[in-house]
Amino acid sequence: MFDVKAVAAGVASRAPFFDEGSGLGRDADVRSRPAHGGLQQGDAPGLYGGTGRQAICDVERLERYLTEPRNDRKARAWAKALGIRTDGIPEYLDRLTPVLLRHDTLVKNHDYKKGKAVPFHALLQAGIAVLVDERGLPAVKCSCGNPLRPFEGDKNRISVTFENGNEKWKGYDRSEVVVVRPAPRKLERISLVDVEDPDRGVERPVGTVGEDDSVFDTRERRAVPPLAGATFGEAGRRLAERGLAVAYAGEGLPPDRARVTASDPAAGVELRFGAYVTLSVAEEGERGSAPGTKPPSPGTESSRVTEGPRSPSSSPSSSSPSSPAPSPAPSSEPAGSERPEPGAPGGTPATTPPSSGAPADGSGPPPSSTGPAPTPPPPGAGTGTGSPPPVVTGAPPGTTASSPPAGDPVTSTAPPPATGTPVSGAPAPTGPPAGTTTA
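This is a predicted model, so every value here is computed, not measured.

Draft legend 1. Here's a closer look at the overall build of the protein. Counting its secondary structure elements, the protein contains four helices and 21 strands. Counting the 439 residues in the protein, one finds 42% classified as buried. Within the protein, counting contacts between residues at least 6 apart in sequence, those at least 24 apart form 73% of the total. Put simply, the protein shows about 22500 Å² of open surface, and 51% of that area lies on carbon and sulfur atoms.

Here's what the structure looks like:
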């Protein structure tokens, strides 16, 4: 279990790096939105929000505080928490971008106590203003200057405590909490949604605070590009360029080099900005791919979270291939805390169906004692026990992809086997005489 402290929008920290009333940042009133799977890449269009009315982070003021000689000890603790040099603080801040959270987001927060940055797991409420880095990761909580790092635990095994004025907020749902993972490449701009007018989108260049924003209409439809055969990383880039977000029906996220086999919705379907496209990839091992994913009918649009992998035996005729996993029922809890339920969904690796074919050693049952004797093999036909080789009546077994280097997630660049009618084990009409073994 991971103990997590709730941090509500607009509530002052008890041990901040800088006074919350100093004007470093301003939170907004934002209702958290559902997200697919809980894991979000930092370049997901619409992951963050903005507002056109006022600046939400005063980056210049934060830089002045951190470079003042009287704050040298605090600056050293701040830089150490973020893994940078103290003299690199100005350059680092220049690359950060102010945004508003649109989801309740798990992070590793830091208090400032006795001259040190003290880390703790935190759940930041939607509406909190943060600075994000070039990979889209939350890096600084604007109102107090506290450094932030990615949450590295299991989001399905958290115990959230609401205390010190951070009351449980309206709309809180533990199943909709998100964790941000770094974008596969450095970003040039971030696509935001105006939290006061969701029909208004904002393109913000990385490292700017709003002065160079451009506006677009989020209601404009955009087509899903062809993705089959691309790597997972490349598919995510293509979707982001179209203003669409990546979702994955499995446990965690696959490696960027995993090959995409299908998308849901399929190529050509038009979606609104920020809509999710669920990708299936060709994988082996225990990473939960979705070999049974069926491309959607035209017009189908995903809108809910998919927490775990799909069953390989899912019916092809299902009308909702990306239907959400059931959310856990709320549990009774003591005041001021929120505990997970037993059996919280965490994603179960897909079970590999048993293979069909001849036994591993190639041997079969002994010949029958009745019936005509089998025809002996011709001279020079090879050595062995004299039994004829098995007669194959079904389709030949599929090939197996070569294993990748040890230490990396096991993936395959080959497409998954076609689904359909299973291989028959019945003998062919011209099969061997009784007593022979058929595969």
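Draft legend 2. Region of interest: helix H2 (residues 72–82). When H2 is considered as a whole, its buried residues turn out to be Lys-74, Ala-75, Ala-77, Trp-78, Ala-79, Ala-81 and Leu-82. Just downstream of H2, Gly-83 is the residue with a positive phi angle, here 75°.

Draft legend 3. Region of interest: the pattern of salt bridges. Within this structure, the stated rule accounts for 16 salt bridges. Across the salt bridge formed by Arg-70 and Glu-68, the nearest N and O atoms sit 3.0 Å from each other. Judged by relative accessible area, which is 25%, Glu-68 ranks as partly exposed. Each of the salt bridges in this network shares a partner with another, and the network as a whole consists of Asp-199, Asp-217, Arg-219 and Arg-272.

Draft legend 4. Structural detail: empty space enclosed by the protein. By the definition in use, this model includes four cavities of 30 Å³ or more. There is about 80 Å³ of room inside the second largest cavity. Forming the walls of the second largest cavity are 13 residues, and the residues nearest its centre are Gln-41, Asp-43, Ala-44, Ala-245 and Val-246. Of all the secondary structure elements, the ones that give two or more residues to the lining of the second largest cavity are strand E2 (39–41), helix H4 (232–241) and strand E17 (245–248). Considering only residue class, the lining of the second largest cavity consists of nine nonpolar, three polar and one charged.

Draft legend 5. Main features of the environment of Gly-207. Tracing the chain through its elements places Gly-207 in the loop between strand E14 (200–205) and strand E15 (214–217). Since its relative accessible area comes to 28%, Gly-207 is described here as partly exposed. C-alpha of Gly-207 to C-alpha of Glu-134: the two residues are 73 residues apart in sequence and 8.2 Å apart in space. Once residues lying within four places of it in the same chain are set aside, the contact partners of Gly-207 are Asp-94, Arg-95, Leu-96 and Thr-97.

Draft legend 6. Broad picture of the sheet that holds E17. Taken together, three strands build an open sheet; the order of strands is E17-E20-E18 and the sheet is mixed. Since the sheet does not close on itself, it has two edges, and those belong to E17 and strand E18 (259–264), each with one partner. In this sheet, adjacent strand axes meet at a mean angle of 40° when their direction is disregarded. Where E17 lies against strand E20 (residues 276–282), four bridges are found, and the strand directions are parallel. Considered in E20, the bridge of Val-246 is made with Val-277.

Draft legend 7. The arrangement of the sheet that holds strand E4 (residues 97–101) in detail. Spatially, E9-E8-E7-E4-E3-E13-E14-E15 is the arrangement adopted by the eight strands of the open sheet, whose pairing is mixed. With partners counted over all chains shown, the strands left at the sheet margins are strand E9 (146–147) and E15, one partner each. Pairing analysis gives four bridges linking E14 to E15, with the strands arranged antiparallel. Within E15, the residue paired with Arg-200 across the bridge is Asp-217.

Draft legend 8. Geometry of the pairing of strand E6 (residues 116–124). Sheet topology note: the strand E1 (residues 2–7)/E6 ladder contains three bridges and is parallel. In the strand pairing of E6, Val-7 is matched with Leu-124. Sheet topology note: the strand E5 (residues 105–113)/E6 ladder contains nine bridges and is antiparallel. The partner of Lys-108 across the bridge, within E6, is His-121. Here E5 folds back onto E6 in antiparallel fashion, the turn holding two residues, of which Lys-114 has a positive phi close to 50°.

Draft legend 9. Up close: the environment of Leu-253. On the secondary structure map, Leu-253 appears in the loop between E17 and E18. Classification of Leu-253 as partly exposed rests on a relative accessible area of 23%. Along the backbone, Leu-253 and Leu-39 are 214 residues apart, and their C-alpha atoms lie at a distance of 7.6 Å.

The rules behind the values
- Residues numbered from 1 in each chain as written.
- Predicted model: local features only at pLDDT ≥ 70, side-chain atom pairs only at ≥ 80, totals over all residues.
- Heavy atoms only, no water.
- Helix = DSSP H or I, 4+ residues; strand = E, 2+ residues; numbered from the N terminus.
- Buried < 20%, exposed > 50% of the residue type's maximum accessible area, 1.4 Å probe, protein only.
- Contact = heavy atoms within 4.5 Å.
- Areas by Shrake-Rupley, 256 points an atom, 1.4 Å probe, with all protein chains shown as cover.
- Salt bridge = Lys/Arg side-chain N within 4 Å of Asp/Glu carboxyl O.
- 1 Å grid on protein atoms, 1.4 Å probe; cavity = no way out; pocket = protein on both sides within 12 Å on 5 of 7 lines; lining within 4 Å.
- Points joined across faces, edges and corners; volume = space filled by probe spheres on them.
- Nonpolar A, V, L, I, M, F, W, Y, C, P; charged D, E, K, R; others polar.
- Pairing = 2+ DSSP bridges.
- Axes fitted to C-alpha atoms, helices over the stretch in contact; angles between N-to-C directions.

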